[in-house]
Amino acid sequence: MQETDIRPSAAAAEGVRAADARPAGALPRHWPLLLLGAAVVPGVLLVLVGRSLDEPAVQAWRTVCLAVTVQALPFLLLGTALSGAINAFVPARVFSRLLPKRAALAVPVAGMAGVVLPGCECASVPVANSLIGRGVTPAAAFAFLLSAPAVNPVVLTATAVAFPGSPEMVLARLLASLVTAAAMGWLWLWLGREEWLKPTVVRHTGHVPGRSRFTEFRRGFQHDFLHAGGFLVVGAMAAATFNVAVPRTLLDTFAGSPWLSVLFLAALAIVLAVCSEADAFVAASLSGFSPVARLAFMVVGPMVDLKLIALQAGTFGRAFAVRFSAATAVVAVVCSAVIGGILL
């Protein structure tokens, strides 16, 4: 059998000898340049960043971003705490016992349940899946899925704070959200198909026997708050950038047209994916748009956004998510335009 030469090459041997010849703890060959770079580069970056922070536009961006975040954070904290408490302490059978047997009547009742049983939109998807698994008709579960993040007391209180002296905005949001949720539930009864639903295993909702309810509350609250808080910060940054960076002429193009402004802010709500406890403050910061357009932002956002579409696709299947999200967006925009046109 032929022997294999395992001796190192001359270049490798030279490198090993050079490394062995270098004293332990010796500095690299080009250490003066490395030291100079470490001293100069961070300083230059700090100077450039410091100068840019003194620019009026950057100061305005920082003010809007911090204002939106600070105003919305207490409501986000309260909303996710209530959502975690419902998840841990309210049994799922409560929903099925309170709903009427007839599906057509169960839809509006489930929609109204969102007023007294608040929940984050991220948690509403697994809750709806859990309700369907416990025998609740899908139409009623979907009505609750849409209404709970949009009409709960925390969201309505945040809307009143964000729009002081405008109780008609709170009423318009309540009515438009309820009508949209009920309309989508009835639309599912009329056109929905069971084969569109492909329930999968998702994050557990409700109490598991043998586990600590307080531990479940803590975990649910931590999950929802961190998840929604990240979207709040991103939404606040996007709103600040939108107010500062977008040219006024472009805003006037959309804001000057009643229909274009409504469609534009509805699309913006889908992209920004701001938590429902905080979206009223983002909408209030978009002062260049009409009240009806800002109402559409607050009605569409908690029902249709990018994160909800992904959650619905992973929970009920892509066929359901595409159809349901598209139909919900259309119904929400129409309801916002009609009810907002009457009340606002």
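Reading the values: the criteria
- Residues numbered from 1 in each chain as written.
- Predicted model: local features only at pLDDT ≥ 70, side-chain atom pairs only at ≥ 80, totals over all residues.
- Heavy atoms only, no water.
- Helix = DSSP H or I, 4+ residues; strand = E, 2+ residues; numbered from the N terminus.
- Buried < 20%, exposed > 50% of the residue type's maximum accessible area, 1.4 Å probe, protein only.
- Contact = heavy atoms within 4.5 Å.
- Areas by Shrake-Rupley, 256 points an atom, 1.4 Å probe, with all protein chains shown as cover.
- Salt bridge = Lys/Arg side-chain N within 4 Å of Asp/Glu carboxyl O.
- Phe/Tyr/Trp six-rings, centres within 6.5 Å; stacked < 30°, edge-to-face > 60°.
- Polar contact = N/O pair within 3.5 Å; in protein donor to acceptor, adjacent residues only side chain to side chain.
- Core = buried A, V, L, I, M, F, W, Y, C linked by side-chain atoms within 4.5 Å.
- pLDDT = per-residue confidence, 0-100.
- Axes fitted to C-alpha atoms, helices over the stretch in contact; angles between N-to-C directions.
- Parallel < 35°, antiparallel > 145°, perpendicular 65-115°, else oblique.
- Nonpolar A, V, L, I, M, F, W, Y, C, P; charged D, E, K, R; others polar.
- Expected span 1.5 Å × (residues − 1).
- Arc of directions from axis to C-beta.
- Patch = residues over 30% accessible without salt bridge, like charges linked within 9 Å, V, L, I, M, F, W, Y side chains within 5 Å.
- Left-handed = near helix turned anticlockwise from the far one by under 90°.

**Topic: the overall build of the protein**
Stage number 1. Across its full length, the protein carries 16 helices and zero strands.
Stage number 2. Split into buried and exposed, the 344 residues of the protein put 42% on the buried side.
Stage number 3. A fraction of 81% describes how many contacts in the protein between residues 6 or more apart in sequence connect residues 24 or more apart.
Stage number 4. Roughly 17700 Å² of accessible area belongs to the protein as shown, and the carbon and sulfur atoms make up 70% of that amount.

**Looking at the side chain of S177**
Stage number 1. By the secondary structure assignment, S177 is in helix α9 (residues 167-191).
Stage number 2. Discounting chain neighbours no more than four positions away, the residues touching S177 are A150, V151, V299 and M303.

**Structural notes on the pattern of salt bridges**
Stage number 1. Under the definition given, this model contains one salt bridge.
Stage number 2. D279 is the salt-bridge partner of R173, the closest N and O atoms lying 2.9 Å from each other. Here R173, found in helix α9, pairs with D279, found in helix α13 (residues 279-285); they are 106 residues apart in sequence, far enough to count as distant.
Stage number 3. Exposure remark for D279: the relative accessible area of 2% places this residue in the buried category.

**Examining the packing of aromatic side chains**
Stage number 1. Under the counting rule described, the total for this entry stands at eight aromatic pairs.
Stage number 2. Ring centres 5.7 Å apart and planes at 75° place the aromatic pair W188 and F320 in the edge-to-face group. Remark: F320 occurs in helix α16 (residues 318-343) and W188 occurs in helix α9; sequence separation between them is 132 residues.
Stage number 3. Judged by its relative accessible area of 10%, W188 falls in the buried class.
Stage number 4. Classification of F320 by relative accessible area gives buried; the value is 1%.
Stage number 5. Each ring, one from F264 and one from F289, has its centre 5.8 Å from the other, and the planes form 15°; the classification is stacked.

**Topic: the side chain of S147**
Stage number 1. In this fold, S147 is placed in helix α7 (residues 138-151).
Stage number 2. Here the side chain of S147 touches G111 through a polar contact of 2.9 Å, landing on its backbone oxygen.
Stage number 3. Apart from the residues lying within four places of it in its own chain, the contact partners of S147 are A110, G111, G114 and A181.

**Overview of the nonpolar core**
Stage number 1. By size, the foremost hydrophobic cluster in this structure holds 68 residues, and its most contacted members are F142, F297, F316 and F320.
Stage number 2. The element that contributes the greatest number of residues to this core is α7, accounting for eleven residues.
Stage number 3. Ignoring any residue separated from it by four or fewer positions in sequence, one finds F142 in contact with I132, W188, L197, F316, F320 and F324.

**Quick notes on the confidence of the model for the protein**
Stage number 1. Per-chain confidence: the protein averages 75 in pLDDT, with 67% of residues scoring 70 or above.
Stage number 2. The secondary structure element of the protein with the lowest average pLDDT is helix α1 (residues 10-21), at 49, and the one with the highest is helix α14 (residues 291-300), at 94.
Stage number 3. Across residues 14-20, confidence stays below pLDDT 50; counting only partners more than four residues off in sequence or on other chains, it has zero contacts.
Stage number 4. Note that residues 200-204 has pLDDT below 50 and, in this model, twelve contacts with residues that lie over four places away or in other chains.

**Overview of the environment of V322**
Stage number 1. Structurally, V322 is set in helix α16.
Stage number 2. Distance in space between the C-alpha atoms of V322 and Q312 is 8.9 Å, their sequence separation being ten residues.

**Some details on the packing of α7 against helix α8 (residues 153-162)**
Stage number 1. It is at 5 Å that the axes of α7 and α8 come closest, and there the two elements cross at 40°. Between α7 and α8, the crossing angle belongs to the class labelled oblique. Contacts between α7 and α8 pair P149, A150 and V151 from the former with P153, V155 and L156 from the latter.
Stage number 2. A class-by-class count of the residues in the contact of α7 with α8 yields six nonpolar, no polar and no charged.

**Structural notes on the environment of V331**
Stage number 1. Positionally, V331 belongs in helix α16.
Stage number 2. When the C-alpha atoms of V331 and A183 are compared, they prove to be 7.7 Å apart, with 148 residues separating the residues in sequence.

**A closer look at helix α12 (residues 258-272)**
Stage number 1. Along its 15 residues, α12 runs 21 Å from first to last C-alpha, staying within 8% of the 21 Å computed at 1.5 Å per residue.
Stage number 2. For α12, the complete set of buried residues consists of S261, V262, L265, A266, L268, A269 and L272. Here the buried residues of α12 occupy an arc of 160° about the axis, which is enough to place them on one side. Set apart from the buried face of α12 by more than 90 degrees, the exposed residues are W259 and V271.

**A few points about a nonpolar patch on the surface**
Stage number 1. On the surface, L171, L175, V330, V334, V338, I342, L343 and L344 cluster together into a nonpolar patch covering about 670 Å² of accessible area.
Stage number 2. Sort the elements by how many residues they give to the nonpolar patch and α16 lands first, with five residues.
Stage number 3. Along the polypeptide, I342 turns up in helix α16.
Stage number 4. The exposure class assigned to I342 is exposed, which follows from its relative accessible area of 66%.

**Regarding the packing of α7 against α9**
When two helices pack together, their arrangement is given by the angle between the helix axes and the distance between those axes.
Stage number 1. Interhelical geometry of α7 versus α9 gives an angle of 165° and a closest axis separation of 8 Å. Taken together, the axes of α7 and α9 are roughly antiparallel relative to one another. By crossing handedness, the relation of α7 to α9 is classed as right-handed. Contacts between α7 and α9 pair P138, A139, F142, A143, L146, S147, A150 and V151 from the former with R173, L174, S177, L178, A181, M184, G185, W188 and L189 from the latter.
Stage number 2. A class-by-class count of the residues in the contact of α7 with α9 yields 13 nonpolar, three polar and one charged.

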